[in-house]
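Results of the structural survey
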Amino acid sequence: ESEEEGEEAAALRQEEEERRRRQEEEEQLAAAARERERRERAARAREVRERARIQREGQMWSRFRAWPTVGAYSVEEDGAQQLLVSFSAAPGGCPTYVVLGQRGGRRFETLERVCMETQVVVPYDPSLRLIKVRCGREESVPRMLQHVALRSEFDALRPPPPPVPPPPPVPPPP
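What comes next concerns the included structure. Small disclaimer: the values here were computed from a predicted structure and weren't measured.

Turning to helix α2 (residues 147–157), a few remarks are in order. Where α2 is concerned, the buried positions are H147, L150 and F154. All buried residues of α2 lie within an arc of 55° about the axis, which places them on one face of the element. Counted as exposed and oriented over 90 degrees from the buried face of α2: V148 and A156. Buried residues along α2 sit in contact with β1 (69–75) and β2 (81–86).

Written out as structure tokens, the structure is:
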């Protein structure tokens, strides 16, 4: 009988060992499936973030390519006039902007070069016809200057002339 009991005990141990091994395999498969699902979720989230970033940058470039705004900024005491050129930001950490102006010919010349600033003050020159902004290979649409409107803006910025003092009172005749 003890031999039979020993065989039964060995069979029970073997059965228990197989059950434990199957359970470990199932746990490992479940853990692998959870890890795979976690990686897939992370990849989908990265893809969504990347698509949003690309869309955001595309919108920023579209706004940057629009016409810059140009207006009178200041009139100095010596009569020098300055323009304020404003434009939308381009994507990137520290984009360098080049404000370009076209006078009589076909070529644009650099008026100012700035990093990050989206409002630039440049000297006014009545011979300027167009102003545009470049960032890398991208350029804004050129803005044609409206000189008549700019002159009236500059006139509004000029300080009023000093008041004329009243004439001295005429002394009464003796």
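So much for the structure itself; the text now carries on.
All right, on to the state of the cysteines then. In the structure shown here, the tally under the stated rule is zero disulfides. Unpaired in this structure, C135 has its nearest cysteine sulfur neighbour in C115, at a distance of 9.2 Å.

This model, assessed by the stated rule, comprises 16 salt bridges. Linking E139 and K132 is a salt bridge whose minimum nitrogen-to-oxygen distance equals 2.7 Å. Look at K132 and you get buried, because its relative accessible area is 9%. Here the residues in one salt-bridge network are E35, R38 and R39, joined through shared partners.

Here strand β5 (residues 119–123) shows a clear split, with V120 and V122 buried on one side and none of Q119, V121 and P123 buried on the other. Both β2 and β5 contribute to a ladder of five bridges, which runs antiparallel. Within the sheet, the bridge partner assigned to L83 lies in β5 and is V122.

Mapped onto the elements of the fold, R53 is located in helix α1 (residues 2–65). Since its relative accessible area comes to 29%, R53 is described here as partly exposed. A polar contact is formed between the side chain of R53 and the side chain of E50, at a distance of 2.4 Å.

So, about a negative patch on the surface. On the surface, a cluster of negative charge is contributed by E3, E4, E5, E7 and E8. By the secondary structure assignment, E3 is in helix α1. Look at E3 and you get exposed, because its relative accessible area is 61%.

Let's shift gears to the nonpolar core. Formed by 23 residues in total, the largest nonpolar core has its most connected members in F64, L83, V85, Y97, V99 and I131. Elements with a minimum of two residues in this core: α1, β1, β2, β3 (96–102), β4 (108–115), β5, β6 (130–135) and α2.

Here we come to the pairing of β3. Of all seven residues making up β3, six are buried, and the element is well covered by its neighbours. By the bridge criterion, seven bridges tie β3 to β4 in an arrangement that is antiparallel. Considered in β4, the bridge of Y97 is made with V114. Here five bridges tie β3 to β6, and the two strands are oriented antiparallel to one another. Among the inter-strand pairings, G101 is bridged to a residue of β6, identified as I131.

Rules of the game
Residues numbered from 1 in each chain as written. Predicted model: local features only at pLDDT ≥ 70, side-chain atom pairs only at ≥ 80, totals over all residues. Heavy atoms only, no water. Buried < 20%, exposed > 50% of the residue type's maximum accessible area, 1.4 Å probe, protein only. Helix = DSSP H or I, 4+ residues; strand = E, 2+ residues; numbered from the N terminus. Arc of directions from axis to C-beta. Contact = heavy atoms within 4.5 Å. Disulfide = S-S within 2.5 Å. Salt bridge = Lys/Arg side-chain N within 4 Å of Asp/Glu carboxyl O. Pairing = 2+ DSSP bridges. Polar contact = N/O pair within 3.5 Å; in protein donor to acceptor, adjacent residues only side chain to side chain. Patch = residues over 30% accessible without salt bridge, like charges linked within 9 Å, V, L, I, M, F, W, Y side chains within 5 Å. Areas by Shrake-Rupley, 256 points an atom, 1.4 Å probe, with all protein chains shown as cover. Lys, Arg positive; Asp, Glu negative; His and termini not counted. Charge placed at Lys NZ, Arg CZ, Asp CG, Glu CD. Core = buried A, V, L, I, M, F, W, Y, C linked by side-chain atoms within 4.5 Å.

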